[in-house]
Amino acid sequence: MSFHRLLIATLIGPELARWKARGHAPVFWWRDDDARRPTPALERLLGLSVRFAAPITIAAVPDGDIVALAKASRAIPDVELAVHGFRHENRAPPGWPSGEVNDLDRLADVMSDLGTAIDVFRRAGVTPRLFVPPWNNAHPTLKRALGLQGLGLSCYGDMRGEAEPDRLDAHLDVMRWKPEPRFRGTVRFLLRTRRLLAERRVKAAWDEPLGLLTHHLDHDEAVWRFLEAFLPVAKPVARTTFGRPVAGRGHIALKVG
Ligand SMILES: [Zn+2]
C-alpha cells in the first residue's frame, strides 16, 4: 500500500466506515480552476479524469482560448466548463477583499461583463451553467447578476447555506497558497476532509456534496501523486447530477472502497 493510501485508510477510513454503517456514502464532486487554454498540465488533469472515471468541472477564464478548451474537453467523457470570472482581474480598491466586483459597481455593468463572458462560451459551443468568482468573492451585485442570468455559483466553504440553493461550493483545496502555491499536505488535507465528513454525518446531511478543489497549473508533483491515491477513494460524480437540489431527491448511491 502506498504512503498516501495508508494515510487515507488511517485518517478517513474509520469515518467512511461510520457512513457505510448508516447505509450512506459521501458525495464528492471535483472542480479545477484557472484554465485558459490546453497545456501539458491540463492534459495531465484530463488524463486523471479519464483514468479514474472522475467527472470534472473546469472553471475557465473567458479571456483564454475557450474554443480550444471546449474542443479538448469534448474529447473526454465527463467534463463541464464553468465561467471563472470576467478577466480574473482584481479590481478591489486598496484594503478591500480581492475580487472582480465591488460596492462601486452597478448591476448593469456587471450584467454586461457577465453577458460578454457567457457569449465567449456560447461561441465555443458551450452553454455555461456555473460561475466561479475569482478569489471566491461572491459580491451581492454579482449574485444578483448570476440569478438574472440563471447561473449557479461556486465558491469555497464548509457547508451549503440553506438560503442559496443555486450555490455549490468546493470544500477541499489540495493547495496551500502562502507564501507560494504548493501541496497542502496529505495529513492536513485528510484532517479537513475528515472534519467535513463528520459534520455532514452528525447533521445527517448525507447528500451534502464535498467539493475537491484543484488548480492544475499550480500543482507540484506531490499534488499529482496525492490525487492518484485520493480520486479512487472519493469517486467524484458529475456536478450536473446534483447542481440544483430537488426536495425529496434520493441519495446518490456510491461505493466506498
Ligand atoms: Zn482563479
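Just above sits the structure.
Residues numbered from 1 in each chain as written. Predicted model: local features only at pLDDT ≥ 70, side-chain atom pairs only at ≥ 80, totals over all residues. Heavy atoms only, no water.

**A few points about the overall build of the protein chain**
So, point 1. Helices and strands together make up the secondary structure of the protein chain, namely 8 helices and 9 strands.
So, point 2. Against the globule reference of 18 Å for 257 residues, the protein chain gives a C-alpha radius of gyration of 18 Å, in line with a compact fold.
So, point 3. Along the first, second and third principal axes, the C-alpha atoms of the protein chain reach 50 × 40 × 40 Å.
So, point 4. Residues counted as buried form 52% of the 257 residues belonging to the protein chain.
So, point 5. In the protein chain, the proportion of contacts linking residues at least 24 apart, taken out of those at least 6 apart, comes to 69%.
So, point 6. Averaged over its 38 positive side-chain charges, the protein chain has a centre that lies 6 Å from the centre of its 30 negative ones. (Helix = DSSP H or I, 4+ residues; strand = E, 2+ residues; numbered from the N terminus. Rg over C-alpha atoms; globule rule 2.2 N^0.38 Å. Buried < 20%, exposed > 50% of the residue type's maximum accessible area, 1.4 Å probe, protein only. Contact = heavy atoms within 4.5 Å. Lys, Arg positive; Asp, Glu negative; His and termini not counted. Charge placed at Lys NZ, Arg CZ, Asp CG, Glu CD.)

**Observations concerning the coordination of the zinc ion**
So, point 1. For the zinc ion, every protein donor is listed as Asp34 (OD), His84 (NE2) and His88 (NE2), and the spread of their distances is 2.0 to 2.1 Å.
So, point 2. In terms of primary sequence, the donors binding the zinc ion are separated according to D-x49-H-x3-H. One end of the pair, Asp34, is in strand E1 (residues 28–35); the other, His88, is in the loop between strand E3 (79–83) and helix H5 (107–123), with 54 residues separating them in the sequence. (Donors = N, O, S within 2.8 Å, 3.2 Å for Na, K, Ca; no water.)

**What to know about helix H7 (residues 186–202)**
An α-helical turn contains 3.6 residues, so any two residues separated by three or four positions project in the same direction.
So, point 1. In this model, H7 (17 residues) spans 24 Å end to end at C-alpha, consistent with the 24 Å of a helix rising 1.5 Å per residue.
So, point 2. Looking at H7, one finds that the buried residues are Thr186, Phe189, Leu190, Arg192, Thr193, Leu196, Leu197, Arg200 and Arg201.
So, point 3. Directly after H7, the chain includes Ala204, whose backbone phi takes a positive value near 55 degrees. (Expected span 1.5 Å × (residues − 1).)

**A closer look at the packing of aromatic side chains**
Between two aromatic rings, the relevant description is the distance of the centres plus the angle of the planes.
So, point 1. Tallied over the entire structure, the rule returns 7 aromatic pairs.
So, point 2. Centroid distance Phe189 to Phe230: 5.1 Å. Interplanar angle 85 degrees. Geometry classified as edge-to-face. In this pair, Phe189 is assigned in helix H7 and Phe230 in helix H8 (residues 221–234), connecting sequence segments 41 residues apart.
So, point 3. Residue classification places Phe230 among the buried residues on the basis of a relative accessible area of 1%. (Phe/Tyr/Trp six-rings, centres within 6.5 Å; stacked < 30°, edge-to-face > 60°.)

**Observations concerning unusual backbone geometry**
So, point 1. Look at the link from Lys178 to Pro179: it is a cis peptide, with omega at 0 degrees.
So, point 2. Note that Pro179 resides in the loop between strand E7 (175–176) and strand E8 (182–183).
So, point 3. The residue Asn136 is not glycine, and still its phi comes out positive at about 55 degrees.
So, point 4. Within the secondary structure, Asn136 is located in the loop between strand E4 (130–131) and helix H6 (140–149).

**Considerations on the pairing of E3**
When a strand is regular, its side chains alternate between the sheet's two faces.
So, point 1. For E3, a buried count of 5 out of 5 residues is recorded, marking the element as mostly surrounded by other parts of the structure.
So, point 2. Here E3 shows a buried face lined by Val79, Leu81 and Val83 and a second buried face lined by Glu80 and Ala82.
So, point 3. In the sheet, strand E2 (residues 56–60) pairs with E3 via 5 bridges, with the strands oriented parallel. By the bridge assignment, Ala59 is partnered in E3 with Ala82.
So, point 4. One crossover worth recording links E2 to the parallel E3 by way of helix H4 (residues 66–74), and it is right-handed. (Pairing = 2+ DSSP bridges. Right-handed = clockwise from strand over helix to strand, strands pointing away.)

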